[in-house]
Amino acid sequence: MSRTTHGQSDPLPSWKDGAAKTAITGFVAAVIKDRGPEFVPPAERIAVFDNDGTLWCEQPVYFQAAFALDQVKAMAPQHPEWRQQQPFKAFLAGDRAGLATQGEKGLLTLIAAAHSGMATDVYAQSVADWLAHARHPRFNRPYNELIYQPMVELLAYLRTNGFKTFIVSGGGVEFMRVWADRAYGIPPEQVVGSSGVTQFKIGDDGKPVLMKLPKVEFIDDGPGKPSGINRFIGRRPILAFGNSDGDHQMLQWTAAGRGPRFLGIVHHTDAAREYAYDRQSKIGRLDKAWDEAVRRGWTVVDMAKDWKTVFAFERGSTGDSR
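Here the structure is a predicted model, which is why all the values come from computation and not from measurement.

### Remarks on the pattern of salt bridges
Here is step 1: The tally for this structure, following the rule as stated, stands at 12 salt bridges.
Here is step 2: Among the salt bridges present, the one from Asp50 reaches Lys225, with a minimum N-O distance of 3.0 Å. Separated by 175 residues along the polypeptide, Asp50 in the loop between strand 1 (46-49) and helix 2 (63-75) and Lys225 in helix 9 (residues 224-232) bring together distant segments of the chain. Of the two residues examined, Asp50 and Lys225, each falls in the buried class.
Here is step 3: One salt bridge connects Asp247 with Lys225, and the closest N-O pair in it is separated by 2.5 Å. One end of the pair, Asp247, is in the loop between strand 6 (239-242) and helix 10 (248-255); the other, Lys225, is in helix 9, and 22 residues separate them in sequence. Each of the two residues, Asp247 as well as Lys225, counts as buried.
Here is step 4: Residues participating in the shared-partner salt-bridge network are Arg279, Arg285, Asp287 and Asp291.

Right, here's the structure in full:
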């Protein structure tokens, strides 16, 4: 259990003492100090977090992509036409070279097939079923156990001190809402993500359903993140955490507000306990955002140096924020 209480002497036990931890606790102490020069009213204590690579692991592929590919395999018997259609033909045959020739468009086609043509309730159940049996290729753990224990503690610590915590991620909003509350203590209405178009209709049983269509409505990544914050939250955050250039604009938008601001970046430096990557990575590339963080004095969290524990299961816990 990682719920933080006022009685705890250390609200962030998985964080090593150092500059990053001190910056976090110092910022929180300043903004909650009643009548202090940096006091921020509770209604304005908005904290936003990227998900992939910031709250849970994102290697060797984004977990939602792993789900989508598994779903295409599961759905294939109901779609015999896929055996003759690219990119499905190459993917189902295990033809990596053929799939590679389809490029990014081919991958997006596969992902779209796994995320459309069904009711939202059916989709949510498919995500829950996948999480129940799928395992990460390196850690052999359910994907939703690969959440970062230090960040779970940080979320709880912020909420204890009057913050409202949000996910603002490029991941699919309906994919994350299935499990985010249990994993992080962030309810569905506080998850902002990419979304597809849905359509209301009356089903064959006479009951209304929302059908997921193969059409993108909103991409919550890069410059889309500030737009998503404005559209779905309606307040500029005073704290933002990311890990890649996809979070750069969200960090910039947060930093541009008046009053005290906290900007944090998780830097993946621990190949032994997790992964090490940054500027050249195809997933979670950290380049321009890192440069600006150094230039402006944002807090860069070195995973190897700043975290005692990466995953809760390292010490036999479930990692459940509840």
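Now that the structure is up, let's keep going.
### Examining the nonpolar core
Here is step 1: Ranked by size, the top nonpolar core spans 57 residues in total, and within it Phe49, Met151, Leu154, Trp179 and Tyr184 carry the most contacts.
Here is step 2: Sorting elements by how many residues they give to this core places helix 6 (residues 149-160) first, with six residues.
Here is step 3: When residues no more than four places from it in sequence are discounted, the contact partners of Met151 are Trp15, Phe49, Thr54, Leu55, Phe241, Val266 and Trp307.
Here is step 4: Counting residues in hydrophobic clusters, the runner-up holds 17 residues, among them Ile46, Phe166, Ala240 and Ile265.

### Overview of helix 2
Here is step 1: Taking 1.5 Å of rise per residue, the 13 residues of helix 2 would be expected to cover 18 Å, and the 18 Å separating its terminal C-alpha atoms lies within 8% of that figure.
Here is step 2: Inspection of helix 2 places Phe63, Gln64, Ala65, Ala66, Phe67, Ala68, Gln71, Val72 and Met75 among the buried residues, and these make up the whole buried set.

Conventions adopted
- Residues numbered from 1 in each chain as written.
- Predicted model: local features only at pLDDT ≥ 70, side-chain atom pairs only at ≥ 80, totals over all residues.
- Heavy atoms only, no water.
- Salt bridge = Lys/Arg side-chain N within 4 Å of Asp/Glu carboxyl O.
- Helix = DSSP H or I, 4+ residues; strand = E, 2+ residues; numbered from the N terminus.
- Buried < 20%, exposed > 50% of the residue type's maximum accessible area, 1.4 Å probe, protein only.
- Core = buried A, V, L, I, M, F, W, Y, C linked by side-chain atoms within 4.5 Å.
- Contact = heavy atoms within 4.5 Å.
- Expected span 1.5 Å × (residues − 1).

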